[in-house]
Amino acid sequence: MMQERVLTGDRVTGKLHLGHYAGSLKNRVALQEQYESFVFLADVQALTTHFDRPEVIRDHARDIVLDYLAAGLKPEKTTIYVQSLIPEIAELTMYFSMFVTVNMLRHNPTVKAESKNSSLDELYYGFLGYPVSQAADIAFCKATLVPVGEDQLPHLELARKIVRRFNELYRPVLVEPKALVSETPRLIGTDGSAKMSKSLGNTITLDASAEEIVFKIRKAKTDPARIRKHDPGHPEICPIYAYHQAFISAEAPEIREGCERGTISCTACKERITAALEQLISPMRERRAYYTERQQLVNDIVMDGTQRTRSLARETMLEVREAMSLNLFG
Ligand code: TRP
C-alpha cells in the first residue's frame, strides 16, 4: 500500500476556533502519528478576500501557528510552511488555469454563493480561481489525503479533476488526492446559526480562557421551546447538543433522551459541555504558553518546514515542466 501524504491549509484571516478543530484540525493531529503530514498557512488565498487588508494576515499568521502547536501538531511529525514562500505553487496555479474553464469555476458552490449577490464587476479573478490554486496546493506536494470539512468537498472534487486532466494532457506525474471528510458535521455557532464563523461573532476560539468558555456557553442559544426544565426539547436544533455530539459523543445519546423527555435542564447541559471544552482547551493553553515564550523556536519551526517543502516543490516542478515540454533551451 502506498504511504499516504496528508495536507491541509488554513486561510490566515483570524484565529482558529472550535469549528476548525472539529472539522479538520483534530483529524490532522491524529493523522500525523501515522502519515507524513503537511500543514500550511494559506496567506496567498487569504488575499482573495483581504487583498485590501494585508495587515489582518500579518497579524494572524503567528496566532495560527500557535493554534497548530497548541492543538497538538508536532513539528517533528508535521511540516508547517507558508504558502507565499513557495512560489512554485503560484507557478503551478498558472499552468492549471490554462485548461480550467470559467464554467467549471462558476459552478463551484462556494463561488456561486459568494457571487450570487454581486455582478461580474465584483467577482475577482483571484477569488474565482481559488479552487485552481487549491488544486495546485495539493498537487505540488503530491498529497494523497486531504482532511477537510464537508463544505470543502466541491473544491476537492475539482482538484481531482484538474490533476486527472493534467495527467491526461501531458504525463502522469501528479497524484489524485482523496478527501478525508471529518465525521463531525459542520459545527453550528453559539448563536445557533448554521456555521461557526468569525464574521458572525459566534465562535469559541482555541485560545479561549476558562472564563471565556463559561461566558460563551452561558450566553449560547438553546432550544427556545424549553422554558422550564420539564418542557420537552429538540436537541437537533440546539447548538449545545451539537457540541455534545462533537466533543462528548459518548454521552450524547443519554443527553438527547434527557432533553427530549425534559429530565435534564439546559443549565445542566451547558455545565457538561463547559467542563468538556475546558478539558479540551486547557492542555492547549499550556502548549500555547510554552511556544509563546519561545518566539524564535516558532520562527525556526516554520522556516525549516518551509525550506523542506520548497525543495519538494522544486522537484515536482521539474517533472511538471518536463511533462509540459517547458524545459526549453536545455
Ligand atoms: N480552502 C480551505 C479552507 O477554506 C483552505 C485550503 C486552501 C486548503 N488550500 C488547501 C485545505 C489545500 C486543504 C488543502 O478551509
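Provided above is the structure to which this section pertains.
Summing up its helical and strand segments, the chain has 14 helices and 5 strands in all. Taken over the C-alpha trace, the chain has a radius of gyration of 22 Å; the compact-globule value for 330 residues is 20 Å, and the two agree within 12%. Based on the C-alpha atoms only, the size of the chain along its principal axes is roughly 80 × 45 × 45 Å. Burial status across the chain gives 49% buried among its 330 residues. For the chain, the proportion of contacts with a sequence separation of at least 24, taken over those separated by at least 6, is 76%. Carbon and sulfur atoms form 54% of the exposed surface of the chain, whose accessible area is close to 16700 Å².

Taken together, Thr8, Gly9, Phe40, Gln45, Tyr130, Gln134, Asp137, Ile138, Val146 and Gln152 form the complete shell of residues around the ligand. In the model, a nitrogen atom of the ligand is placed 3.3 Å from a nitrogen or oxygen of the Gln45 side chain. For the ligand, a nitrogen atom lies 2.7 Å from a polar atom in the side chain of Tyr130. Relative to its unbound accessible surface of 360 Å², the ligand loses 86% to contact with the protein. Taken together, the elements giving at least two residues each to the shell around the ligand come down to strand 1 (5–11) and helix 8 (130–140). Here the element with the most residues in the shell around the ligand is helix 8; it accounts for 4 residues. Considered class by class, the residues forming the shell around the ligand number 4 nonpolar, 5 polar and 1 charged.

Attention shifts here to the side chain of Ser24. For Ser24, the location among the structural elements is in helix 1 (residues 18–31). A polar side-chain atom of Ser24 sits 2.9 Å from a polar atom in the side chain of Arg28. With residues up to four places along the chain from it excluded, the contact list for Ser24 reads Thr8, Pro147 and Val148.

The next subject is a nonpolar patch on the surface. Judged by side-chain polarity, Val44, Leu47, Phe51 and Tyr124 come together as a nonpolar surface patch covering roughly 360 Å² of accessible area. By the secondary structure assignment, Phe51 is in the loop between helix 2 (43–50) and helix 3 (54–71).

Conventions we followed
Residues numbered from 1 in each chain as written. Predicted model: local features only at pLDDT ≥ 70, side-chain atom pairs only at ≥ 80, totals over all residues. Heavy atoms only, no water. Helix = DSSP H or I, 4+ residues; strand = E, 2+ residues; numbered from the N terminus. Rg over C-alpha atoms; globule rule 2.2 N^0.38 Å. Buried < 20%, exposed > 50% of the residue type's maximum accessible area, 1.4 Å probe, protein only. Contact = heavy atoms within 4.5 Å. Areas by Shrake-Rupley, 256 points an atom, 1.4 Å probe, with all protein chains shown as cover. Near = heavy atom within 4 Å. Polar contact = N/O pair within 3.5 Å; in protein donor to acceptor, adjacent residues only side chain to side chain. Nonpolar A, V, L, I, M, F, W, Y, C, P; charged D, E, K, R; others polar. Patch = residues over 30% accessible without salt bridge, like charges linked within 9 Å, V, L, I, M, F, W, Y side chains within 5 Å. Salt bridge = Lys/Arg side-chain N within 4 Å of Asp/Glu carboxyl O.

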